[in-house]
Amino acid sequence: MRDIPNLVKYVDKYVEPPEGEYVEYIAPGQVKVPNKVIIGYIEGDGIGPEVVYAAIRVANAAVEKAYGGARKVIWYEVVAGEKAEKLTGSRLPRESIATLEKIRVFLKGPLETPVGSGFRSVNVTLRQMFDLYANVRPVRYLPGLPSPLKKPEAVDLVIFRENTEDVYAGIEWPHHSPEAAKLREFLKREFGISIREDAGIGIKPISKFGTQRIARLALKFAIENKRRVVTVMHKGNIQKYTEGAFRDWAFEVAREEFRNFVIFEDELIQHGGQIPPGRVLVNDRIADNMLQQLLTRTSEYDVILAPNLNGDYVSDEAAGLVGGLGVAPGIDVGDWGMMAEPVHGTAPKYRGKNYVNPTATILALELMFKFLGWREAASLILKGVETAYREGYYTGDLVRQMDEGEREKVKEVLGTQEFADKVVECMK
Ligand code: NAP
């Protein structure tokens, strides 16, 4: 690993950073950011450390260039995942949770969740523990990126995925457990419903409260950022009282709290089928249809509001339209905390190979700086990434997606750390 000056690494216990202050929440979602700010980071498993340190180097360069010495980030390491398990015996130690409670704003590298194993996803636990209820994933085409679409420039989406409920709530039992047996028996006795004895059982809670707080955030974002459309993605034709209710509750917020700023599809006829200036169209689409329309009628989609599972599917699909997981960032936002992360996982086969694309993590920090109000640093990060691609510098994952004609524009295929160096160079 390269030398990074302003890191406070975890060695065998938490030691407060020698300088800097924490972000302060003065009201729900409203932060006061000191000039020397302490931001947490979790290295992550697999390729996590490679992309996290590459992104931190880019972020440091952007802050230095934007503000000279007037602003600075002190990166405070919090251990979780495999590293924490080796050091403490737990994937999410209590001291790490206590430290994150102080820090509140942090970067998270990807963390492993073995399929079908006993322990719960640390990612999901973190989102729920800090009530980071909105996973916000912008997906936008950057010139030079490979795409399976004929007109990739039509991709300019911001996905708001509910982050705490739905089948991700972790309420499920294996088919052979006493809990599943008890539930089967209860359903049979009380409702006359039979479930096979060899069926695992999961529960899908979607609440009015959980739906309306993220709907509020998505609508507010769309109005403030002059977006055209907010589409509620759901499978309410089948799952009427969870996903159907998600649609109804989201519409209720739009109607009752944002009436003067929105318009519904059935009202467009009074405006010649056009969205009147100053209004955001609020509509809904059934999830399966929408997943294919995103490919065939891309430009009709703008801001997407989705329950947890749909949101996960649609954001990976959308990322695939503009270069794939290597370039897809996200942030998890709550009223009292914020976590930036790449959308991708730990890609274990690439661990330590200096192969993977750090762009997703770099752009996650761009989103973090926007959230903190450090817009100049955010713009520099974006400029660096855009310029690197425009000038023909790529990582292997992107080149692999190009056909022979497209490969002519490739000047150099870079490793993870060298791509980050190039982004820094391109900020200048
Ligand atoms: P994954 O780690 O995202 O990897 C899937 C594939 O995506 C990789 O094999 C690679 O494709 C490509 N990829 C991912 N990141 C890339 C990058 N930075 N640059 C270039 N290509 C990249 O998904 P997974 O294999 O399903 O999951 C592995 C582990 O990660 C699991 O334990 C899972 O639970 C965890 N996970 C964690 C998070 C999180 O922390 N938020 C999210 C998702 C998954 P090619 O093979 O085609 O090269």
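Residues numbered from 1 in each chain as written. Predicted model: local features only at pLDDT ≥ 70, side-chain atom pairs only at ≥ 80, totals over all residues. Heavy atoms only, no water.

Trainee: Looking at this structure, how should I read the site of the ligand?
Mentor: Around the ligand lies a shell of 22 residues, among which Gly-345, Ala-347, Lys-349, Tyr-350 and Arg-400 are the nearest. Between the ligand and Thr-113 there is a distance of 2.9 Å, counted from an oxygen atom to a backbone nitrogen or oxygen. Expressed as a share of its isolated accessible area of 880 Å², the protein-covered part of the ligand is 70%. Only helix H4 (122-129) and helix H12 (396-400) provide two or more residues apiece to the shell around the ligand. Here the residues of the shell around the ligand are counted per class, giving eight nonpolar, seven polar and seven charged. (Near = heavy atom within 4 Å. Polar contact = N/O pair within 3.5 Å; in protein donor to acceptor, adjacent residues only side chain to side chain. Areas by Shrake-Rupley, 256 points an atom, 1.4 Å probe, with all protein chains shown as cover. Helix = DSSP H or I, 4+ residues; strand = E, 2+ residues; numbered from the N terminus. Nonpolar A, V, L, I, M, F, W, Y, C, P; charged D, E, K, R; others polar.)

Trainee: Is there a simple way to explain the packing of helix H11 (residues 375-390) against helix H14 (residues 416-426) in this structure?
Mentor: For any two helices packed against each other, one specifies the crossing angle of their axes together with the interaxial distance. Viewed as axis vectors pointing N to C, H11 and H14 meet at an angle of 110°, and their least axial separation amounts to 7 Å. Compared by their axis directions, H11 and H14 come out roughly perpendicular. For the pair H11 and H14, the sense of crossing is right-handed. For the pair H11 and H14, contact is made by Ile-381, Lys-383, Gly-384, Val-385, Thr-387, Ala-388 and Tyr-389 and by Phe-419, Lys-422, Val-423 and Cys-426, respectively. Split by residue class, the contact of H11 with H14 holds seven nonpolar, two polar and two charged. (Axes fitted to C-alpha atoms, helices over the stretch in contact; angles between N-to-C directions. Parallel < 35°, antiparallel > 145°, perpendicular 65-115°, else oblique. Left-handed = near helix turned anticlockwise from the far one by under 90°. Contact = heavy atoms within 4.5 Å.)

Trainee: Where do I start with the pattern of salt bridges in this structure?
Mentor: Opposite charge on two side chains allows them to pair when their charged atoms are near. A complete count under the given rule lists 36 salt bridges for this structure. The shortest N-O distance in the salt bridge between Arg-213 and Asp-131 comes to 2.8 Å. One end of the pair, Arg-213, is in helix H6 (residues 208-224); the other, Asp-131, is in the loop between H4 and strand S8 (134-140), with 82 residues separating them in the sequence. Assessed through its relative accessible area of 11%, Arg-213 is described here as buried. Of the residues examined, Asp-131 reaches a relative accessible area of 33% and is grouped as partly exposed. In this structure, the salt-bridge partner of Asp-302 is Arg-227, at a minimum N-O distance of 2.7 Å. Here Asp-302 is found in the loop between helix H8 (287-296) and strand S15 (303-306), whereas its partner Arg-227 is found in the loop between H6 and strand S12 (229-234), with 75 residues between them in sequence. A relative accessible area of 3% places Asp-302 in the buried class. Salt bridges here are not isolated pairs; linked through shared partners, they connect Lys-9, Glu-43, Glu-77 and Lys-83. (Salt bridge = Lys/Arg side-chain N within 4 Å of Asp/Glu carboxyl O. Buried < 20%, exposed > 50% of the residue type's maximum accessible area, 1.4 Å probe, protein only.)

Trainee: Could you clarify how one ought to interpret the side chain of Ser-315 in this entry?
Mentor: Assignment of secondary structure puts Ser-315 in helix H9 (residues 308-321). The exposure class of Ser-315 is buried, given its relative accessible area of 2%. Within the structure, the side chain of Ser-315 is placed 3.3 Å from the backbone oxygen of Asp-312, a separation counted as a polar contact. Residues within four places of Ser-315 in sequence aside, it is in contact with Arg-137 and Ile-159.

Trainee: Honestly, the nonpolar core in this entry has me stumped. Any pointers?
Mentor: It is characteristic of soluble globular proteins that their nonpolar side chains tend to be buried jointly. Counting 104 residues, the largest nonpolar core has Leu-305, Phe-369 and Trp-374 as its most contacted members. It is helix H1 (residues 48-67) that provides the largest number of residues to this core, a total of eleven residues. Of all hydrophobic cores here, the second largest spans 22 residues; its members include Tyr-10, Tyr-76, Leu-92 and Leu-132. (Core = buried A, V, L, I, M, F, W, Y, C linked by side-chain atoms within 4.5 Å.)

Trainee: Would you explain the environment of Thr-125 in this entry?
Mentor: Within the secondary structure layout, Thr-125 lies in helix H4. Along the primary structure Thr-125 and Leu-92 are separated by 33 residues, whereas in three dimensions their C-alpha atoms are 9.0 Å apart. The residues touching Thr-125, leaving out its near neighbours within four places in the chain, are Leu-92 and Arg-120.

Trainee: Teacher, can you tell me more about the environment of Val-15 here?
Mentor: With respect to the helices and strands, the residue Val-15 is situated in the loop between strand S1 (7-8) and strand S2 (21-22). On a C-alpha basis, the gap between Val-15 and Tyr-76 in space is 9.3 Å, while along the polypeptide they are 61 residues apart. Leave out the neighbours within four places in its chain, and Val-15 touches Val-8 and Tyr-76.

Trainee: What should I look at first to understand helix H2 (residues 81-88) in this one?
Mentor: Side chains three or four residues apart in an α-helix point the same way, a direct result of the helix having 3.6 residues per turn. Of all the residues in H2, the buried ones are Gly-81, Glu-82 and Ala-84. The arc enclosing the buried residues of H2, seen along the axis, measures out at 165°, which places them on a common side. Positive phi appears at Gly-89, one or two residues downstream of H2, with a value of about 90°. (Arc of directions from axis to C-beta.)

Trainee: Just to check I follow, could you spell out the packing of aromatic side chains for this structure?
Mentor: The relative placement of two aromatic rings is captured by the distance of their centres and the angle of their planes. Under the counting rule described, the total for this entry stands at 13 aromatic pairs. Consider the rings of Phe-186 and Phe-191, whose centres lie 6.0 Å apart with planes at 85°: the pair is edge-to-face. We classify Phe-186 as partly exposed; its relative accessible area is 34%. Through successive ring pairs, a cluster of aromatic residues spans Tyr-10, Tyr-14 and Tyr-76. Over the ring of Tyr-67 we find Arg-71; its NZ or CZ atom is 4.7 Å from the centre of that ring. Taking NZ or CZ as reference, Arg-247 lies 6.0 Å from the ring centre of Phe-251, over its face. (Phe/Tyr/Trp six-rings, centres within 6.5 Å; stacked < 30°, edge-to-face > 60°. Lys NZ or Arg CZ within 6 Å of the ring centre and 35° of its normal.)

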